[in-house]
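Structural characterization, general
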Amino acid sequence: MRAPPYLPFLSGPPGLAPGLKPVAREDWLTPDSEAEAWLGPKRDLMRTRRIEVFAAYGAEAEMAEAAALVLSALAQGTCEGEWPTPLEAAAAEVSDDLCLMVRGEDGLWRLQAASLCAPTFWRLSDKMGEPLGGLHAPVPGADPDLVRRISRIFDGLQPDLILERFNWTVQAGEARFTPSSSPLKALAAETPEDAALDMLYLRVERQTITKLPETGAVLFTIRIVVDPLRAALAGEGAAEAFSAAWQGITPEMADYKGWAAYDGLVRAALRQLGRRA
């Protein structure tokens, strides 16, 4: 087992605050920790289930500009294979999903194009064309404060700045293409507690935003990182930090994330490690 590249629970439980921090351009998309494990399956999804993982409402110029920016960051001038759009061609080169938010004449930022192969329990078809308020509607407390804060960040974002944040959860199994949480929750429900450490995985979203200088669209990248919970809790103090984060989440956020489906297994896993939750 590898040492997981990201352990965001060391900073506490998931919350609503954007928590965005600058990241150097050379660290934006490289190294790609998930390329070896995910690029092959991702490309297969892009070819065989395109209607589920790609959509665009126009945005031709924005897709072309985003693709050029991604390839430049990868120090590539061309892509492998033939793809219907520049955005898909660029998405086939990185493990990250690529989403484009475009500001309309009404001042609202809307999802206008996306290559999304590792959704964390949402469907692209449900969110295309939605403004930020629609994208975040299920989040407790997101309307209106969070939406307004993110909109202001998008408005003021400068093209030379890349911002990064992390989100995380626990799931049963290592699937990345998860438009629905139901199969994972069903798997958790049938898993005995003594198998918790073998079944539970830490799912991390590394999210970045950057503004495209020519079109003014915001490119939102999402890298899904999945590691066995056993590996995530192996480091010194990791199990204690995870236990504190698991217990420290607000009831509203725990409900939003569906943590009740995993609570028994998580507590069993911590007991196996000699920790209490």
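Just above sits the structure.
Residues numbered from 1 in each chain as written. Predicted model: local features only at pLDDT ≥ 70, side-chain atom pairs only at ≥ 80, totals over all residues. Heavy atoms only, no water.

**Details of the overall build of the protein chain**
For the protein chain, the count of helices and strands is 13 helices and seven strands. Computed over the C-alpha atoms, the radius of gyration of the protein chain is 19 Å, within 12% of the 19 Å expected from 2.2 N^0.38 for a compact globule of 277 residues. For the protein chain, the C-alpha atoms occupy an extent of roughly 55 × 40 × 35 Å along the three principal directions. When burial is assessed residue by residue, the protein chain has 51% of its 277 residues classed as buried. (Helix = DSSP H or I, 4+ residues; strand = E, 2+ residues; numbered from the N terminus. Rg over C-alpha atoms; globule rule 2.2 N^0.38 Å. Buried < 20%, exposed > 50% of the residue type's maximum accessible area, 1.4 Å probe, protein only.)

**A look at the packing of aromatic side chains**
Each aromatic ring pair is specified by the distance between its two centres and by the angle formed by the two planes. Throughout the structure, instances matching the rule amount to eight aromatic pairs. On the basis of an interplanar angle of 50° and a centroid distance of 5.0 Å, the ring pair of Y6 and F166 is categorised as tilted. Of this pair, Y6 sits in the segment before β1 (21-22) while F166 sits in strand β5 (residues 162-172), placing them 160 residues apart in sequence. Overall, Y6 belongs to the buried group, its relative accessible area being 18%. When the centroid spacing of 5.5 Å and the interplanar angle of 85° are considered together, the rings of W109 and F154 count as edge-to-face. (Phe/Tyr/Trp six-rings, centres within 6.5 Å; stacked < 30°, edge-to-face > 60°.)

**Focus: the pattern of salt bridges**
For the coordinates displayed, the defined rule picks out 13 salt bridges. Between R2 and D227 there is a salt bridge whose closest N-O contact spans 2.7 Å. Linking R2 in the segment before β1 with D227 in strand β7 (residues 218-228), this pair joins segments that are 225 residues apart in sequence. R2 gets classed as partly exposed once you look at its relative accessible area, which sits at 33%. A salt bridge links R103 to D155; the shortest N-O distance between them is 3.1 Å. With R103 in strand β3 (residues 97-103) and D155 in helix α7 (residues 142-156), this residue pair connects regions lying 52 residues apart in the sequence. (Salt bridge = Lys/Arg side-chain N within 4 Å of Asp/Glu carboxyl O.)

**Here's the deal with the nonpolar core**
Counting residues in hydrophobic clusters, the biggest one holds 54 residues, and the most contacted among them are V70, L87, L98, L100, F154 and L219. When near neighbours in sequence (up to four residues on either side) are disregarded, F154 contacts M101, W109, L132, I209, K211 and V218. (Core = buried A, V, L, I, M, F, W, Y, C linked by side-chain atoms within 4.5 Å. Contact = heavy atoms within 4.5 Å.)

**A look at the layout of surface pockets**
Looking at the second largest pocket, its volume works out to about 430 Å³. P8, S11, G19, R165 and F166 are, among the 17 residues lining the second largest pocket, the residues nearest its centre. Sorting elements by how many residues they give to the lining of the second largest pocket places β5 first, with five residues. Residues of the lining of the second largest pocket, tallied by class, amount to nine nonpolar, five polar and three charged. (1 Å grid on protein atoms, 1.4 Å probe; cavity = no way out; pocket = protein on both sides within 12 Å on 5 of 7 lines; lining within 4 Å. Points joined across faces, edges and corners; volume = space filled by probe spheres on them. Nonpolar A, V, L, I, M, F, W, Y, C, P; charged D, E, K, R; others polar.)

Function-wise, these values are silent; they only describe arrangement.
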